[in-house]
Amino acid sequence: MPNIIDDLNYRGLIKDYSNEEEIRELLSTPQTIYCGFDPSASSMHIGNFVMIATLMRLQRAGHRIIAVVGGGTGMIGDPSGKSKERNLQTEEGVKENTLKIKAQLERFLDLSDPNKGVLLNNYDWLSKISLLEYLRDYAKFFNINYMLAKDIIASRLEVGISLTEFTYMTLQSIDFLKLHRDYKCNIQIGGSDQWGNLTAGLDLIRKLDGAEEKVGCMTSHLITRSDGKKFGKSEDGALFLDSKLTSPYKLYQFFYNQGDEDSVKYLKVFTFLTKEEITSIEKDHLEHLGARIAQKALAYEVTKIIHGEDKAIEAKNISEALFKESFASLSESNLEELYSSYSITIKDDLKVEDLLIEIKAASSKREAREFIKNNAVSINGKKYTDANYVLNDSDYLFSKYIIVKRGKKNYYLVKKEK
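Residues numbered from 1 in each chain as written. Predicted model: local features only at pLDDT ≥ 70, side-chain atom pairs only at ≥ 80, totals over all residues. Heavy atoms only, no water.

Caption draft 1: Here's a closer look at the packing of aromatic side chains. Within the structure shown, the criterion is met by 7 aromatic pairs. Ring geometry for Phe49 and Phe108: centres 5.3 Å apart, planes at 65 degrees, overall edge-to-face. On the criterion of sequence distance, the pair formed by Phe49 in helix 3 (residues 46-60) and Phe108 in helix 4 (residues 91-108) is long-range, its members being 59 residues apart. We note that Phe49, like Phe108, is buried. Taking the centre distance of 6.3 Å and the plane angle of 10 degrees together, the rings of Tyr252 and Tyr256 count as stacked. With Tyr252 and Tyr256 both in helix 12 (residues 248-256) and 4 residues apart, this pair spans about one turn of that helix. Residue Tyr252 is classed as buried on the basis of its relative accessible area of 3%. (Phe/Tyr/Trp six-rings, centres within 6.5 Å; stacked < 30°, edge-to-face > 60°. Helix = DSSP H or I, 4+ residues; strand = E, 2+ residues; numbered from the N terminus. Buried < 20%, exposed > 50% of the residue type's maximum accessible area, 1.4 Å probe, protein only.)

Caption draft 2: Focus on the pattern of salt bridges. Using the criterion set out here, one finds 18 salt bridges in the structure. Each of the salt bridges in this network shares a partner with another, and the network as a whole consists of Glu353, Asp354, Lys365 and Arg369. (Salt bridge = Lys/Arg side-chain N within 4 Å of Asp/Glu carboxyl O.)

Caption draft 3: Representation of the sheet that holds strand 5 (residues 185-191) in the model. With mixed pairing, the 6 strands of this open sheet are ordered in space as 1-6-5-2-3-4. Of all the strands in the sheet, just strand 1 (14-17) and strand 4 (117-121) have a single pairing partner and so form its edges. This sheet shows a mean twist of 25 degrees between the axes of neighbouring strands, independent of strand direction. The sheet contacts of helix 10 (residues 168-183) involve strand 2 (32-37), strand 3 (64-69), strand 4, strand 5 and strand 6 (216-220), and relative to strand 5 the element is tilted by about 145 degrees. Its contacts with the sheet place helix 11 (residues 195-209) against strand 1, strand 5 and strand 6, and it is angled at close to 175 degrees to strand 6. (Pairing = 2+ DSSP bridges. Axes fitted to C-alpha atoms, helices over the stretch in contact; angles between N-to-C directions. Contact = heavy atoms within 4.5 Å.)

Caption draft 4: Highlighting empty space enclosed by the protein. This model, assessed by the stated rule, comprises 1 cavity of 30 Å³ or more. Empty space within the largest cavity amounts to approximately 40 Å³. The wall of the largest cavity is formed by Leu13, Ile14, Met51, Thr54, Ile189, Gly190, Met218, Thr219 and Ser220. Those elements that place two or more of their residues in the lining of the largest cavity are helix 3, strand 5 and strand 6. The greatest single-element share of the lining of the largest cavity, amounting to 3 residues, is contributed by strand 6. Partitioned by chemical class, the residues of the lining of the largest cavity number 5 nonpolar, 4 polar and no charged. (1 Å grid on protein atoms, 1.4 Å probe; cavity = no way out; pocket = protein on both sides within 12 Å on 5 of 7 lines; lining within 4 Å. Points joined across faces, edges and corners; volume = space filled by probe spheres on them. Nonpolar A, V, L, I, M, F, W, Y, C, P; charged D, E, K, R; others polar.)

Right under this line is the structure:
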């Protein structure tokens with residue numbers, strides 16, 4: 001079977017290997033590989049999707065994957081990436097989030113056959129370990145000095161860390177041991193901030209099951225933009241995989257608006273296009289700079305993977321309609337989709353100048369009139385030059401929507417409440 005490591009390296013996905021040659025050797029034959037997912041929120045975001053997509057790649061390469069939702073570890077809280085102690089979630093909240101995260105994972109992973117993929121909840125085994133069992137059978141094998149040297153712990157020592165979060169590493173290590181013994185899982189993957197937890201799991205397996213055990217781990221890079229800033233945040237916050245929290249159109253627009261360098265990079269990270277397909281897109285993109293060829297391919301592919309082809313086509317059509325100002329081609333469902341992304345509500349018909357102030361397209365009447373005088377304002381594709389014109393039902397799409405454009409790039413979708 002082809003070795004998936006070469007493809008993962010081409011895409012720039014792997015930051016650290018416990019031992020690259022050993023993992024390459026393991027992956028030359030079918031393996032069982034696991035990744036954990038934290039139920040700290042009701043939905044995963046686009047940053048989490050890097051790990052989901054990595055599992056998908058491994059599964060498509062012929063390996064069995066295990067996705068573990070941390071219903072047990074989520075009761076404790078992972079200290080990684082946190083500058084202070086996190087507030088513990090309620091048991092009910094963790095259970096509710098766990099169910100939602102499991103449902104999201106089921107959308108992306110092939111779980112039709114347990115020989116291909118398995119979805120587990122670590123609450124099912126961690127909750128059954130008594131305190132004395134934990135201390136005698138597991139904690140005994142963790143040296144405090146060893147744990148303090150891990151970045152995941154060391155980064156918190158100055159501000160302090162509770163015993164609760166300090167033990168998180170040991171619980172994740174128990175997960176790896178459990179999966180190794182019960183599912184013959186030899187490889188764990190995770191984000192780069194999980195390196196200390198992953199290697200602790202390797203050490204626990206070797207201490208309890210023998211130093212000759214062939215196990216390994218690898219982490220993904222923290223995805224950043226070309227300017228070095230963290231990826232996955234928009235101006236409004238995280239880009240969630242739940243369409244109710246981040247609409248398909250908003251996801252499409254986020255990727256469509258990436259820079260030239262980042263768009264090619266993200267084609268490798270977030271899509272399943274082949275190396276040859278990406279190379280072809282990059283060549284075409286560089287030969288026609290300004291046509292946003294890579295951005296269009298990226299936005300479409302990511303939206304298709306996460307929300308399905310129909311939603312990707314719809315998002316693409318909405319984007320093109322806005323660009324061409326062919327608003328008449330938008331259906332009411334298209335406008336609802338737009339409204340869920342960029343919602344502004346008004347209650348009364350307003351003068352054009354007052355509307356601009358209401359939706360924050362202008363900061364004052366003087367500025368609003370200046371925009372209008374300079375033909376910089378259009379509503380549903382029509383220029384308005386009379387600042388005192390009062391909008392009425394005939395100006396609205398489907399009697400309730402107007403799309404205001406100010407300048408070349410500033411759009412405002414407005415819904416009139418009746």
